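Coordinates in review
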Amino acid sequence: MQDPSDSMEIAEPEENGRSDTDSPAADDPTSASDIDSTTSTVLVEVLPGVGVVAGEVPPELKPDLIDFGIVPAADRKQISAILASIGNVSTVAGNLGNAFAGVQGLYRIGDTAQALLNSGAALAAKDGGNLGAVMASGRVVHQARFYPVTAVSKAPVAASIGPALAMVALQMMLSEVSGLVRNNLAVTSQVLTTIRKEQWAELTGLVTAVDRAVDQAREIESVPTSLWEDVAGSGALLQKQLDLYQGNVRDHVGRISQPDARRHREYLQTNAEVIAFDVYALLSSLKAWTGYQALRAARARAAGREDAAEAQYAEVIARDTRTKFDSTLAQATSLVDALTRELRITAELPDPDTWPLLGKRKDVKAAREISARLLKEIEPLADTLHPPIPPLEAPDVICAPESLALEPYLRILRWLFEDGETLRALGSSDQLEILGTVSTIVDGAMEKLAAAWDKTTAKTLVAVTDRRIIMAKTNALLEQAEIRQDIPIDQVRYVRATTARDSNSRLAIDLITRDENIRWLFHADIDNTQVDALAAVLAESMTIPDAERDALQRRRHASIEAGEKSDTAGATSTESTESEATT
């Protein structure tokens, strides 16, 4: 999930061509003091990925600030106290010392900010923290001091802050799921008024009650007995709702995980609105359940000031809530990913105006219209849960006729790629699957087979990534987004590009994998350099794992031993027969 804090950066000393070894901020006390004199923002990482912001908050960062919410006022004061013990703040002059006394809220530390927090060697350090400049919109907006989570664990009173940080963790979970529900699915009125009307009424009643209690607890910074009694009996009902929609989502994920891509897509298209509702209901029930757990932990936390077991219980609630929260959110993310991918693919498919069957054209157009409408509804949530893969660009290596338009294929392949997967080469060929070894096939028979293949088989698109080799019939990919086969790149054993054209003026590449032999024949317009470039990309992965080599060698030795035993047995049998004949 994309964190808003990734927009916050630190200007490191390497700017303008300087390294940390010659940076005034790194080794000039006067320069560090100058920076410190303007420092009025402090960010302390109190939990992995969660920071507490103290002091002045720049306007550019305020939209991403998360309030303390359900964290009790007493816990906020305790957090301020431990922050004040970090870095010997008594030696820090003026506004920085005052900053610790006024914690402003919470900040989710994304991957970018986290990397910078961990790069203390590249930043000027003072009083246990790292000095740097907060960047927003490409300019310095503030000087800040950053303390990593290790600084908190070394603080004098760190052992006593565990329950308070448990409340911080619960508030961060509640904030996260609340943001997801705000990016809600515009669930259609038809689904709400027919299929799920009764379920929706029961769920919304519980959600409303818990939301009201959480808002009231936030306002008074506490969970008094009378407030808690309003929702205390909701635990079992909330668990029932969470289990119900977890089960629904689990069933959907199971159905769309079937290997039959066509049935998988038909299921999504037929049940898309129900799936959308179940995902939204799951997130809503997760929000209400998390809010209930936060209220419950706050009650235990209040009692924990007199009873150490109650304080420990608050930590147990936070731990168990985190486990359940992460599991449920992962399920929802998996389903939304699958649903959104299918909707995007269907929306990308070309118009079927040229298809011969009128009924089929109508079906495809209807599916595209449904997909486009649902995609508009689900995309805000989908992009929050999992940022989309950026558009694919044509790779440097293209082994295809110049007349081939790559854009339609790239648009569909984009949604079939995994996170971080890189397209390295594209090819357009006729594919021949060879059952025997390539070297044993007679060239003349190959040419006859190739000619027959030309007449009956569509062209094959070959996409080579840093992880796999994807093969698809071009028409099936464009019409139904179907992949014929993908081979993990680590299964490539040998690659050979032919140096001479066959009788039809075509070049070829032979690909030997762990399990099969494949030959691609290329169009006559494709020259040697294109074929060689594709073969070179494939050849980078050629390898024979030691385990496979050892297995082959063991088979060889086993066959030799079996032959020797057979010879010995034959000789013994002959000797025995001769002996019997003599007697």
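Residues numbered from 1 in each chain as written. Predicted model: local features only at pLDDT ≥ 70, side-chain atom pairs only at ≥ 80, totals over all residues. Heavy atoms only, no water.

**Section: the pattern of salt bridges**
Under the definition given, this model contains 19 salt bridges. Between aspartate 75 and arginine 305 there is a salt bridge, and its shortest N-O distance comes to 3.5 Å. With a gap of 230 residues between them, aspartate 75 in helix α3 (residues 73–84) and arginine 305 in the loop between α12 (261–303) and α13 (308–348) connect regions that are remote in the sequence. Residue aspartate 510 pairs with arginine 496 through a salt bridge whose shortest N-O separation is 2.9 Å. Of the two residues, aspartate 510 sits in strand β14 (residues 508–513) while arginine 496 sits in strand β13 (residues 492–497), which places them 14 residues apart along the sequence. When its relative accessible area of 34% is taken as the criterion, arginine 496 is described as partly exposed. What you see here is one network of salt bridges that share partners, running through Asp67, Asp215 and Arg218. (Salt bridge = Lys/Arg side-chain N within 4 Å of Asp/Glu carboxyl O. Helix = DSSP H or I, 4+ residues; strand = E, 2+ residues; numbered from the N terminus. Buried < 20%, exposed > 50% of the residue type's maximum accessible area, 1.4 Å probe, protein only.)

**Observations regarding helix α15 (residues 407–416)**
Residues spaced three or four apart along an α-helix face the same direction, because each turn holds 3.6 residues. Of all 10 residues in α15, 7 are buried, a share of seventy percent or more. Every buried residue of α15 is listed here: Tyr409, Leu410, Ile412, Leu413, Arg414, Trp415 and Leu416.

**Re unusual backbone geometry**
Phi is positive for glutamate 221, close to 60 degrees, though the residue is something other than glycine. Position of glutamate 221 relative to the elements: it lies in the loop between α9 (197–220) and α10 (225–231).

**Details of the pairing of strand β15 (residues 517–522)**
Summarising burial for β15: 6 of the 6 residues are buried, a large majority. Sheet topology places β14 next to β15; 5 bridges connect them, and they run antiparallel. When the sheet's bridge partners are listed, aspartate 510 is paired in β15 with arginine 519. Here β14 folds back onto β15 in antiparallel fashion, the turn holding 3 residues. (Pairing = 2+ DSSP bridges.)

**A look at the nonpolar core**
Formed by 80 residues in total, the largest nonpolar core has its most connected members in Val168 and Leu295. The greatest single-element share of this core, amounting to 18 residues, is contributed by α12. Each residue touching valine 168, except ones within four places of it in the same chain, is listed here: Leu47, Val50, Val71, Ile79 and Leu106. (Core = buried A, V, L, I, M, F, W, Y, C linked by side-chain atoms within 4.5 Å. Contact = heavy atoms within 4.5 Å.)

**A word on a negative patch on the surface**
A grouping of Glu402, Asp525, Asp527 and Asp532 is seen on the molecular surface, where their side chains present a negatively charged patch. Classification of aspartate 527 by relative accessible area gives partly exposed; the value is 34%. (Patch = residues over 30% accessible without salt bridge, like charges linked within 9 Å, V, L, I, M, F, W, Y side chains within 5 Å. Areas by Shrake-Rupley, 256 points an atom, 1.4 Å probe, with all protein chains shown as cover. Lys, Arg positive; Asp, Glu negative; His and termini not counted. Charge placed at Lys NZ, Arg CZ, Asp CG, Glu CD.)

**A few points about the packing of α3 against helix α7 (residues 162–182)**
Orientation of α3 relative to α7, taken along the N-to-C sense of each, is 115 degrees, at an axis distance of 9 Å. Considering their axes alone, α3 and α7 lie roughly perpendicular with respect to each other. With respect to the hand of their crossing, α3 and α7 are arranged in left-handed fashion. Together, Asp75, Gln78 and Ile79 of α3 and Ala164, Met167 and Val168 of α7 make up the contact between the two elements. (Axes fitted to C-alpha atoms, helices over the stretch in contact; angles between N-to-C directions. Parallel < 35°, antiparallel > 145°, perpendicular 65-115°, else oblique. Left-handed = near helix turned anticlockwise from the far one by under 90°.)

**Digging into the confidence of the model for the protein**
The share of residues in the protein with pLDDT of 70 or more is 64%, and the mean pLDDT across the chain is 74. Model confidence for the protein, summarised as mean pLDDT per element, is weakest for helix α1 (residues 24–27) at 35 and strongest for strand β10 (residues 460–465) at 95. Low pLDDT, under 50, characterises residues 354–358; the stretch is placed with 6 contacts to residues that sit more than four places away or in other chains. (pLDDT = per-residue confidence, 0-100.)

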